[in-house]
Amino acid sequence: METRQSARAILLNSENQIFLFKFEFGFLSDKKILWVTPGGGIEKGETFEEGLKRELYEELGIKDEIDPKWVFKRNKIFEKKDGIKFLSEEKYYLVRIEKSDFNFDGWEESEKKYTRDHKWWSIEDIRMSEEEFFCDNLGDILKELIEGKLEQIKEI
């Protein structure tokens, strides 16, 4: 089975809100539309941290020094439209940011085509929403991160 490695940012602002993209996964068999974190695939020869920094620059124009902290990983099997399954190996990093004057000029054509929205979410907004997120327990994970209770790397 093919494996796709990616690095994702749990990007939090000073109000402890998370920044998410609403993205249509058109290449999947079920064409899911989910709110997802910034980040993406690791290129050959990159570490997860290097890939994360490159993705944050490409997707949001963040070129400041960031100090990502690896907080959890997720392995999930997806099925493409052609019926071929692949393993998505995702590492999530906590990234605190003060400013949010993002620049979306570095987007690839697929990002322009399939990104439906983007916004900052509070824990309460996530818990009250009927939207779909990249993981069902996102509100609980954010609460643990913000309260400093997520001390060990874990899998979701």
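Refer to the preceding data block for the structure.
Since the model is a prediction, treat every value here as computed from it, not as a measurement.

The rules behind each value
Every chain begins its residue count from 1, and numbering advances along the sequence as written. Restriction of local features to residues with pLDDT of at least 70 applies here, the model being predicted, together with a cutoff of 80 or more for giving and counting side-chain atom pairs; totals for whole chains, interfaces and linings are based on all residues. Remark: hydrogens and water are excluded; side-chain values derive from all non-hydrogen atoms of the structure. Secondary structure elements follow DSSP: runs of H or I of four or more residues count as helices, runs of E of two or more count as strands, with numbering from the N terminus. The cut-offs for exposure are 20% and 50% of the maximum accessible area for each residue type, with area from a 1.4 Å probe on protein chains only; residues under the lower value are buried, those over the upper are exposed, and the others partly exposed. In this charge count, Lys and Arg are treated as positive and Asp and Glu as negative; neither His nor the chain ends contribute. Counted as salt bridges are all cases of a side-chain nitrogen of Lys or Arg within 4 Å of a carboxyl oxygen of Asp or Glu. Two residues form a contact once any of their heavy atoms are found within 4.5 Å. Aromatic rings from Phe, Tyr and Trp, taking only the six-membered ring of Trp, are treated as a pair when their centres fall within 6.5 Å; an angle between ring planes under 30 degrees marks them as stacked, one over 60 as edge-to-face, and anything in between as tilted. Definition used: whenever NZ (Lys) or CZ (Arg) falls within 6 Å of the ring centre and also within 35 degrees of the ring normal, the charge is taken to sit over that ring.

1. As for the side chain of K91
Moving on, step 1. Along the chain, K91 turns up in strand β6 (residues 85-96).
Moving on, step 2. In this structure K91 is buried but unpaired, with E89 as the nearest side chain of opposite charge at 5.3 Å.
Moving on, step 3. Other than its neighbours up to four places away in sequence, K91 contacts S6, A7, R8, F48, W70, F72 and K73.

2. Examining the packing of aromatic side chains
Moving on, step 1. A complete count under the given rule lists 14 aromatic pairs for this structure.
Moving on, step 2. Ring geometry for F19 and W120: centres 5.3 Å apart, planes at 65°, overall edge-to-face. Placement of F19 in strand β2 (residues 18-24) and of W120 in strand β7 (residues 115-121) is noted, with a sequence separation of 101 residues between them.
Moving on, step 3. For the ring pair W121 and F133, a centre distance of 5.0 Å and an interplane angle of 80° mean the geometry is edge-to-face. With W121 in strand β7 and F133 in the loop between α3 (123-128) and α4 (138-146), this pair connects stretches of sequence that are 12 residues apart. Assigned by exposure class, W121 and F133 land together as buried.
Moving on, step 4. One aromatic cluster is present, formed by F19, F21, F102, F104, W107 and W120 through successive ring pairs.
Moving on, step 5. Directly above the aromatic system of F48 lies the positively charged group of K91, at a separation of 4.4 Å from the ring centroid.

3. As for unusual backbone geometry
Moving on, step 1. Of note, N16 is a non-glycine position whose phi angle comes to about 60°, a positive value.
Moving on, step 2. Residue classification places N16 among the partly exposed positions, given a relative accessible area of 24%.

4. Section: the pattern of salt bridges
Here the idea is simple: oppositely charged side chains can pair when their charged atoms come close.
Moving on, step 1. This structure, assessed with the given rule, holds 12 salt bridges.
Moving on, step 2. For the salt bridge of E24 with R116, the shortest nitrogen-to-oxygen distance reads 2.3 Å. Of the two residues, E24 is situated in strand β2 and R116 in strand β7; the sequence distance between them amounts to 92 residues.
Moving on, step 3. Taking relative accessible area as the criterion, E24 reaches 13% and is therefore assigned buried.
Moving on, step 4. Salt-bridge contacts for R54 lead to E58; the nearest nitrogen and oxygen are separated by 3.2 Å. Remark: E58 and R54 occur in helix α1 (residues 48-60); sequence separation between them is four residues, near one turn of the helix.
Moving on, step 5. Assessed through its relative accessible area of 15%, R54 is described here as buried.

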